[in-house]
Amino acid sequence: MPESPCLNDLGAHLGLPVEGDGSFAIAGVAGLECAGPADLSFVRSRRYAARLSGSRAGALIAPPGVHVGDRPVLRSHDPGLDFSRAVRWFQPEALVPAGIHPTAVIAEGAQIDPSASIGAHCAIAPAVSVGPRSVLYAGVTLYEGVSIGSDCRIHAGCVLREATTLGDRVVLHPNAVLGADGFAYLGDGGGGLAKVPQVGRVVVGDDVEIGAGTAIDRGTLGDTLIGHRTKIDNLVQVGHNCTIGEQVIIVAQVGLSGSTIVEDGAVILGQAGAAGHLTIGAGAIVGPQSGLHKDVAAGTRVLGNPQQEGRGFYRNMAALGRVRGLLRRVRAIERRLGMNAGDDEPGRS
Amino acid sequence: MPESPCLNDLGAHLGLPVEGDGSFAIAGVAGLECAGPADLSFVRSRRYAARLSGSRAGALIAPPGVHVGDRPVLRSHDPGLDFSRAVRWFQPEALVPAGIHPTAVIAEGAQIDPSASIGAHCAIAPAVSVGPRSVLYAGVTLYEGVSIGSDCRIHAGCVLREATTLGDRVVLHPNAVLGADGFAYLGDGGGGLAKVPQVGRVVVGDDVEIGAGTAIDRGTLGDTLIGHRTKIDNLVQVGHNCTIGEQVIIVAQVGLSGSTIVEDGAVILGQAGAAGHLTIGAGAIVGPQSGLHKDVAAGTRVLGNPQQEGRGFYRNMAALGRVRGLLRRVRAIERRLGMNAGDDEPGRS
Amino acid sequence: MPESPCLNDLGAHLGLPVEGDGSFAIAGVAGLECAGPADLSFVRSRRYAARLSGSRAGALIAPPGVHVGDRPVLRSHDPGLDFSRAVRWFQPEALVPAGIHPTAVIAEGAQIDPSASIGAHCAIAPAVSVGPRSVLYAGVTLYEGVSIGSDCRIHAGCVLREATTLGDRVVLHPNAVLGADGFAYLGDGGGGLAKVPQVGRVVVGDDVEIGAGTAIDRGTLGDTLIGHRTKIDNLVQVGHNCTIGEQVIIVAQVGLSGSTIVEDGAVILGQAGAAGHLTIGAGAIVGPQSGLHKDVAAGTRVLGNPQQEGRGFYRNMAALGRVRGLLRRVRAIERRLGMNAGDDEPGRS
């Protein structure tokens, strides 16, 4: 990015045509409501015309044909995506210098690529490898045998237990835990509980992002798998031996019990939970707070506890509001017919 | 506090009149059930008379007119609050000496007030400021540009990402994460996902408390705001660009999606969740495990998923228990009338 | 374990009779689906016959009388438990050498048993004691007065606040927080909130396991208690002054409000929540996502929000799907009888 970029510079960077004064100096980037006269903003479609006309933004990214007044504009067929690129151009991710901080503790035999960055107070066990340009922020702990690909960012406080394996360009947000023991006990034959040893791994694909405080347990014998491009939000629980496909979206505070299979492209919204050994089919959408007790078919949308397809949950919950009226009406009918209305009490039915 | 405080000393400290033997030596403070004859306890009102008479407590804080036997008593119009003050008087918060632990890593240019305390293995990036008397316990990580006011307590393992800003007297419990990236992706035009850059901040007011393991995401462009005197419990998720007002109470494991607005004085009980871009009005009470799909009006009380006002949720759930009885009764009526009762099967309706 | 163990070695270790070729060299252990011809697997009963015949496993642990083809077999009356023991024999827990890592910070007066292991960047406050053979992995913080028994494993990033007390053989998974302040505020008489001081402890029995990121708050005055052999999964919230009995199972993301009593042997499934001051009786089973508003009787099984006993929740949710059909039928009856069907609208009932 040049020191004082103008709209022409950004247009060239994004490969977008400029309309109007390309020498407009861009001071910053902001949403329509917050942007000032020196800022660049964006508009997705004509539907935002009212918000657009009320905005003080000095320049815009907008689709062809959307009127933006006399402001200079970059024309884009995907203004949201191009604005994201503009934001990243203006505020690039902090560059972290390569090297190992002197307070980090690196076991003998760990393989740290010279272009990687290991932050203060990291603790790295034997047989660990960290790939090119990967960054560990402060206080990251890698247990024995952990393998980190290239261009990963592991934020402060993350803990990766034995043999956890990350692909390339994986981002782990602060205090995430990968590879803790799965939760499994057996009766020990004497009235107590025996822990089932958890000796599998967590294996994470490329371009995966995992949120703050999220916990992904290691497999019991085999591995817990997180597919390429899957994005997991904060405070999510993924049990042992789950198999999460590619480009799956899992929103905050979701809980997946052991051996859940989530196929490619599925979306699981916040606070939903799945009992163990279920399959959530490809492209399925699981609504927020849903409680899954059986499989979800590919491409379907479920909601509620127990899960219902399509709009069933809302329709049924709306119908619920009519039960008391029904009770009154049935009583009236029974009276008319001289029938005994006595059995409408709960507990007697 | 004097070395062997008596009831007169405590009465003077709290500004409360003593009834009975003011020279009573207070050994400790405890609830009615656990207090021994050398302990001080408290009673809120006459309603606790039975528990009071069964208590072995040697002295009490009690409202005027509440009979406590022949025990010495401090008379208070708010015994709960005055007892809290007594507890704090007996067990003051641990004093942490000012200074920077030699194992802490402080970047050049960070501004640490000389009266602040920086614990072992903290990592503090450039352009950070820590105000007077603020305490960082062990292993706290502050990313670049973080600003901490005066008299804050940041417990062990907390991570504050770029430019997070705290007011005065803020308490963060262990392993809380402020300023992780919000969860936002766009189609990248080629079938994959493009991350929406998250470059805003988390800005926290004065006298805020945030629980263990709680995650508050930074804004996408603007800021995520937590107002003065707001209290947030453990393992709560606050999405990007939420605006939480003043003196809001958010109980454990609540999840607020992005851009939720919570107005002053609202209370959100445990495990409730809110879909994005909703407003929870001032003073509203959101019941536990509620699933919010639309705004909550100021001053109202909602419960359930989908949310229902007042007692609607409980009334509807009670009515649900009567549906099977209704089915039987309607069938009986239909028989009497010679009508076809065949259409009562689920799936056929 | 001998260097190249055979089935006879394992049989001797487990005390199980060998059938077939006891010189079979065991390369590894795996589930039926993943095992190769050099691996040992197990089968619980005849019901797995089909999976067994399709398995490539070279040797098995199986109950007496279950046919395993011509493969060598260890006969066991509890194959799951004996297979677990075999796994642990093959992959023993990593031995951690005794001693204090030079980067750990140990306050004067802390009592660390010479056989204990204190990892890199641990921070240990005054008056702490750590018992024989207990292991603290990297970055564990123990506040003043913490007491750890023998043979405990405290994983990386755990924080134990003041005076937290662990029995023997306790396992804490990464980033668990014990002893954070409970969540309690009082009106301060001036429109604000006064924090109720939290000065009690967390006291944990023997053989307890606590999951990654789980938060257990200290008592307000008394203690929060976790009984012997209780197992708590990841991201669970246990409020102040809870009393959890012995051998209780608490699955991921459960939230227990303050002063909940959970009696021995109860099981609380994932994402369930309990309002404060409730008792969950001995041996009770609380279903996933249940919302408890009242006590749960010993030995019962509840599910739903609000909780319902036995199969009530499922029966009622199934009945809900029939309400719309009922509405139609009642309307037809009313028409037949010439009654006014106008009052079936929600909001008018």
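Just so it is clear, the structure is predicted and the values come from calculations on it, not from any experiment.

What counts, and at which threshold
Residues numbered from 1 in each chain as written. Chains lettered and ligands numbered in written order. Predicted model: local features only at pLDDT ≥ 70, side-chain atom pairs only at ≥ 80, totals over all residues. Heavy atoms only, no water. Pairing = 2+ DSSP bridges. Helix = DSSP H or I, 4+ residues; strand = E, 2+ residues; numbered from the N terminus. Phe/Tyr/Trp six-rings, centres within 6.5 Å; stacked < 30°, edge-to-face > 60°. Buried < 20%, exposed > 50% of the residue type's maximum accessible area, 1.4 Å probe, protein only. Lys NZ or Arg CZ within 6 Å of the ring centre and 35° of its normal. Domains from an automatic or database assignment. Expected span 1.5 Å × (residues − 1). Least-squares fit on C-alpha atoms with pLDDT ≥ 70 in both. Contact = heavy atoms within 4.5 Å. Buried area = accessible area lost by both parts, 1.4 Å probe. Salt bridge = Lys/Arg side-chain N within 4 Å of Asp/Glu carboxyl O. Polar contact = N/O pair within 3.5 Å; in protein donor to acceptor, adjacent residues only side chain to side chain. Axes fitted to C-alpha atoms, helices over the stretch in contact; angles between N-to-C directions. Parallel < 35°, antiparallel > 145°, perpendicular 65-115°, else oblique. Left-handed = near helix turned anticlockwise from the far one by under 90°. Nonpolar A, V, L, I, M, F, W, Y, C, P; charged D, E, K, R; others polar.

*Asks:* Account for the sheet that holds strand β15 (residues 153–154) of chain B, naming residues and giving values.
*Replies:* All names here are of chain B. The 12 strands are arranged β6-β9-β12-β15-β18-β23-β26-β29-β32-β35-β37-β38 in an open sheet whose pairing can be described as mixed. Of all the strands in the sheet, the pair left with one neighbour each is β6 (99–100) and β38 (308–309). Pairing geometry for strand β29 (residues 249–250) and strand β32 (residues 267–268), over 2 bridges, is parallel. Along β32, the bridge assignment pairs Ile250 with Ile268.

*Asks:* Please give an account of the packing of aromatic side chains that cites residues and values.
*Replies:* The description of an aromatic ring pair rests on the distance of the ring centres and on the angle between the ring planes. Inspection of the entire model under this criterion finds 15 aromatic pairs over all chains. Measuring from ring centre to ring centre gives 5.3 Å for Phe183 of chain B and Tyr185 of chain B, while their planes differ by 85°; the resulting arrangement is edge-to-face. Pair check on accessibility: Phe183 of chain B and Tyr185 of chain B agree, each one buried. The ring of Tyr143 of chain C is capped by Arg161 of chain C, whose NZ or CZ atom sits 5.6 Å from the centre of that ring.

*Asks:* Outline the domain arrangement of chain A, supporting the account with residue identities and numerical values.
*Replies:* Here chain A is described as being made up of domain 1 (7–90) and domain 2 (158–306). The distance between the C-alpha centroids of domain 1 of chain A and domain 2 of chain A comes to 39 Å.

*Asks:* Got a sec to walk through helix α3 (residues 79–90) of chain A? Specific residues and values, please.
*Replies:* Residues and elements named next belong to chain A. Across its 12 residues, α3 extends 16 Å between first and last C-alpha, which sits within 8% of the 16 Å expected from 1.5 Å per residue. Of all 12 residues in α3, 10 are buried; the element is thus mostly enclosed. Taken together, the buried positions of α3 are occupied by Pro79, Gly80, Leu81, Asp82, Phe83, Ser84, Ala86, Val87, Trp89 and Phe90.

*Asks:* Quick rundown of the relation of the copies chain C and chain A? Include the residues and the values.
*Replies:* Least-squares fitting of chain C to chain A yields an RMSD of 0.0 Å, with the transformation described by 0.0 Å of translation along the axis and a rotation of 120°. Taken together, the turn and the small shift mark the pair as related by a three-fold rotation axis.

*Asks:* Residues and numbers for helix α5 (residues 323–337) of chain A, please.
*Replies:* Along its 15 residues, α5 of chain A runs 21 Å from first to last C-alpha, staying within 8% of the 21 Å computed at 1.5 Å per residue. Among the residues making up α5 of chain A, those that are buried are Val323, Gly325, Leu326, Leu327, Arg329, Val330, Ile333, Glu334 and Leu337 of chain A. Buried residues belonging to α5 of chain A abut α4 (312–320) of chain A, α4 (312–320) and α5 (323–336) of chain B together with α5 (323–337) of chain C. Just downstream of α5 of chain A lies Gly338 of chain A, where phi reads positive at about 70°.

*Asks:* Tell me about unusual backbone geometry, and please be specific about residues and values.
*Replies:* Residues and elements named next belong to chain B. The step from Asn305 to Pro306 runs through a cis peptide bond, and the omega angle for that step is 0°. Even without being a glycine, Ala127 presents a positive backbone phi close to 65°. By the element assignment, Ala127 lies in the loop between β10 (123–124) and β11 (129–130). Judged by relative accessible area, Ala127 falls into the partly exposed class, the value being 48%. A positive phi angle, close to 65°, is found at Gln271, a residue other than glycine. Here Gln271 is to be found in the loop between β32 and β33 (273–274).

*Asks:* Give a detailed account of the interface of chain C and chain A, specifying residues and quantitative values.
*Replies:* Taken together, the contacts link 64 residues of chain C with 67 residues of chain A. In total, about 5,100 Å² of surface goes out of reach between chain C and chain A, with carbon and sulfur atoms giving 62% of it. One can count 2 salt bridges joining chain C with chain A. A salt bridge links Glu209 of chain C to Lys195 of chain A, with the nearest nitrogen and oxygen atoms 2.5 Å apart. Where chain C packs against chain A, one counts 22 residue pairs in polar contact (both at pLDDT 80 or more). Elements supplying a minimum of two residues to the side of chain C that touches chain A: α3 (79–90), β26 (231–232), β29 (249–250), α4 (312–320) and α5 of chain C. Here the side of chain C that touches chain A gets 9 residues from one element, more than from any other, and that element is α5 of chain C.

*Asks:* With reference to specific residues and values, describe the packing of α5 of chain B against α5 of chain C.
*Replies:* One way to put it is that α5 of chain B packs onto α5 of chain C with a least axis distance of 11 Å and a crossing angle of 30°. Comparing their axes, α5 of chain C and α5 of chain B come out roughly parallel. Between α5 of chain B and α5 of chain C lies a crossing whose hand is left-handed. Packed against α5 of chain B, whose contacting residues are Val323, Leu326, Leu327, Val330, Arg331, Ile333 and Glu334 of chain B, the element α5 of chain C presents Val323, Leu326, Arg329, Val330 and Ile333 of chain C at the interface. Here the contact of α5 of chain B with α5 of chain C is built from residues that sort into 9 nonpolar, no polar and 3 charged.

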